[in-house]
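# Overview (structure and organization)
Each chain, written out:
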Amino acid sequence: MAVEKFVGTPKKATTHTNQNEDLMFEKSSPGKKAYRLAQLDVPSVDSVALLGDSVRTDLGVMPELSEIEIIRHFTRLSTWNYAIDLGMYPLGSCTMKYNPRVNEAVARLEGIAEAHPYQPESLSQGCLGIMQTLSDALIEITGMDAITLQPAAGAHGEFTGILLVRAYHESKGNPRKKILIPDSAHGTNPATAAVCGYEVANLKSNAQGMVDVAELERMVDEDTAALMLTNPSTIGVFESEIHKIADILHAKGALLYMDGANMNALVGKTRPGDFGVDVMHLNLHKTFSTPHGGGGPGSGPVACKKILEPFLPTPIVVTKSDGKLGLEYNRPQTVGRVRIFYGNFGMFVRALAYILANGPDGLRQTTEDAVLNANYIRAKLEGTFDLPYKTQSLHEVVFSDKLQAKNGVKTGDMGKRLIDYGFHAYTVSFPLVVQGAMMIEPTESESREELDLLIDALKQIAREAEENPELVQTSPHTTRVQRLDETTAARKPILRWRAPVAPEPVLVDTAAKEW
Ligand SMILES: *Cc1c(COP(=O)(O)O)cnc(C)c1O
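Residues numbered from 1 in each chain as written. Predicted model: local features only at pLDDT ≥ 70, side-chain atom pairs only at ≥ 80, totals over all residues. Heavy atoms only, no water.

An unreviewed UniProt entry lists the protein chain under the name Probable glycine dehydrogenase (decarboxylating) subunit 2, from Tunturiibacter psychrotolerans. Listed in UniProt under the heading Catalytic activity (unreviewed entry), the comment for the protein chain reads: "N(6)-[(R)-lipoyl]-L-lysyl-[glycine-cleavage complex H protein] + glycine + H(+) = N(6)-[(R)-S(8)-aminomethyldihydrolipoyl]-L-lysyl-[glycine-cleavage complex H protein] + CO2". (UniProt positions renumbered as here; feature names shortened; annotations may be inferred.)

Let's shift gears to the site of the ligand. Within the structure, the ligand sits among 13 residues, and Ser 93, Gly 154, Asp 259, His 285 and Lys 286 are positioned closest to it. At a separation of 2.5 Å, an oxygen atom of the ligand approaches a polar backbone atom of Ser 93. Between an oxygen atom of the ligand and a side-chain N or O atom of Asn 283, the distance comes to 3.1 Å. If the ligand stood free it would expose 380 Å²; the protein chains cover 87% of that surface. Taken together, the residues that form the shell around the ligand break down as three nonpolar, seven polar and three charged. (Near = heavy atom within 4 Å. Polar contact = N/O pair within 3.5 Å; in protein donor to acceptor, adjacent residues only side chain to side chain. Areas by Shrake-Rupley, 256 points an atom, 1.4 Å probe, with all protein chains shown as cover. Nonpolar A, V, L, I, M, F, W, Y, C, P; charged D, E, K, R; others polar.)

When a protein is soluble and globular, its nonpolar side chains tend to lie buried together. With 56 residues, the main nonpolar core has Leu 134, Leu 138, Leu 216, Leu 227, Phe 288 and Ile 355 as its most contacted residues. Every residue in contact with Leu 216, bar those within four places of it in the chain, is listed here: Leu 180, Leu 203, Val 211, Leu 227, Ile 245 and Ile 248. Within the second largest apolar cluster, 26 residues are counted, among which are Val 409, Tyr 426, Ile 440 and Ile 461. (Core = buried A, V, L, I, M, F, W, Y, C linked by side-chain atoms within 4.5 Å. Buried < 20%, exposed > 50% of the residue type's maximum accessible area, 1.4 Å probe, protein only. Contact = heavy atoms within 4.5 Å.)

Further remarks concern the domain arrangement of the protein chain. In many reports, interface size means the accessible area that the parts give up when they come together. Under the domain assignment, the protein chain is made up of domain 1 (15–35 + 61–78), domain 2 (101–356) and domain 3 (364–490). Taking only C-alpha atoms into account, the centre of domain 2 sits 30 Å from that of domain 3. Counting residues at the interface gives 24 residues for domain 2 and 20 residues for domain 3. Across the domain 2/domain 3 interface, buried area totals approximately 1,700 Å², and carbon plus sulfur atoms make up 59% of it. Along the contact surface separating domain 2 from domain 3 lie one salt bridge. Of the charged contacts in the structure, one is a salt bridge between Lys 269 and Glu 368, with a shortest N-O distance of 2.5 Å. Taken together, the links from domain 2 to domain 3 amount to six residue pairs in polar contact (both at pLDDT 80 or more). Residue composition of the side of domain 2 that touches domain 3, grouped by class: 11 nonpolar, 11 polar and two charged. (Domains from an automatic or database assignment. Buried area = accessible area lost by both parts, 1.4 Å probe. Salt bridge = Lys/Arg side-chain N within 4 Å of Asp/Glu carboxyl O.)

Below you can see the structure in the form of C-alpha cells.
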C-alpha cells in the first residue's frame with residue numbers, strides 16, 4: 001500500500017479515506033423519500049390557490065434519496081476533510097488551535113442557543129451579560145479602554161478599526177491620506193487600508209525582520225493616518241522597539257493600529273494597550289479557540305483607546321441607571337453598524353467559555369506552551385531547514401526551502417508531501433519577506449508526542465528531497481485526488497452540477513454553461 005511511497009519508515013503515515021462518492025443527484029432514483037407522513041386528517045389545500053404566483057414550479061431536478069443514503073453521503077464527504085479533531089494544523093499565522101468541547105457544551109444551552117436578537121432587553125439580560133463579561137475580559141487582556149464585538153472576522157475588524165482611525169482624524173478637521181504598512185504584513189492589511197480610501201506606503205523590515213525604526217521616522221509625516229503593525233510579526237518576532245514606534249507615530253499625530261491576530265503569543269504576558277497601541281483587532285477564531293475555517297463563523301472584535309471610543313459601531317452594551325443591561329444606539333459620532341445585530345454571538349459564548357475555563361493563569365500558561373512548542377520545533381529542525389531570521393521566535397517559526405531548493409524541491413512540494421504523513425500543510429510561501437517560506441505554528445494544543453511526529457515527518461521529507469526529489473515534487477500520493485491544477489481551480493471553478501439530460505422545467509444559467 002502506502003509503504004513503498006515513503007523513503008524509510010515514517011512513524012506516521014496515512015492513506016486518506018478514499019471511497020468513491022457520487023453526487024446526490026447521481027444517486028437519486030424517483031420516488032425515494034427520507035420520511036413517511038401520517039394520513040392527512042384535515043381538508044387538503046391547493047397551494048397554488050393559496051399562494052398564487054409565489055408558488056415555485058421551477059425547482060428543476062431534486063435528488064430523491066432515503067435517509068440512510070443521505071446520512072452516509074454527508075458522513076463520507078465529511079471524512080474527506082482534514083479537521084483539527086483529526087490531527088495537527090501547523091498553519092502559521094492562522095493559530096489553528098483545538099476547539100475545546102466545553103465551549104460547545106455552553107453554546108448549546110437552551111437559553112443561549114435559542115435566544116433571538118429581537119427578544120426584548122428584559123429577557124436578554126443573560127446574553128447581554130455574556131457580551132459585557134467578554135468585553136470586560138478582552139479589555140483586560142489587551143489593556144485597551146473600549147471594544148466592539150460586531151466585526152465578523154479579522155479582516156472585518158481591520159476595516160472597522162481603520163474606519164475608527166479615519167473618523168478620528170476627520171473629527172479633528174485633519175483627514176490624512178496614507179497608512180504605513182511593513183513588508184511583512186498580512187495581505188489583509190494593505191487591502192483594508194485601500195478599501196478605507198487610504199494610500200498604502202510600504203515600510204521595509206530590517207535584517208532582524210522588525211520595523212526599521214529610522215526608516216519609520218523618515219516616513220511618518222503630517223499626512224500619515226496610522227501604521228498597521230502585526231506584533232509579534234508574521235515571522236513570529238516581537239517588535240522590541242514597539243514603545244519607540246508608538247512614540248514616533250504619536251509625535252506626528254498618527255495612530256498605531258495593531259493587527260492582533262497573533263495575540264496567542266502575548267495573552268497574559270503583555271498588553272498592547274500598555275505598549276502604545278491605539279486600536280487593534282482580535283481573532284476569536286484564532287486566539288480564543290472558536291472554530292476556524294469551514295467551521296466558523298469568525299469573530300474579530302476591535303478594542304481601542306478612549307480617544308476612539310466615540311466612533312465605535314452601534315449598538316454597544318451599557319449598564320442602565322436601574323442596574324439592568326441594555327443596548328445603546330444613540331451615539332452621534334459612531335461610524336455606524338458594521339454587522340447585523342451584535343456580531344456572531346455564538347462565538348462570544350465560546351470565547352468566553354474558553355477564557356473562564358482557563359482563568360488568568362491558564363491563559364498565561366497557554367501562551368507559554370504555544371511559544372515553547374514553536375521553539376521546540378525550531379530547535380529540532382534548525383539545520384534540517386534553513387532559518388532565515390535568527391531573532392528569537394515567539395509562537396511561530398519561519399524556515400525556508402533554501403537547502404531543498406538546490407534539488408528542485410520547493411516549499412509547496414514539501415507542504416503537499418506533509419499531507420502524505422497525515423498532517424495539514426504548514427503555511428507555504430508566506431510571509432513574502434522570506435523566499436520559499438515554510439511557516440509553522442504548532443499552537444499550545446499539541447503534545448510533545450505529536451510535535452515529535454511532525455518533526456519526524458519533516459525530517460523524512462528533507463531526506464526524500466535529497467534522495468528522491470521526484471517523490472516530493474509529485475506528492476501527495478496517498479490522497480483521494482493528487483496534484484490539482486491550482487490555476488484552473490481558482491480561475492474556472494465548477495460551482496454547480498447540471499443534469500446530463502435536463503427534464504423540463506429546469507434552471508439554467510449562462511455562467512454554468514461555459515463551465
Ligand atoms: C488571520 C489573519 C488576519 C485575517 O483574519 P481573518 O479572520 O482571516 O479575516 C489578519 N492578519 C493576520 C496577521 C492574520 O494572521
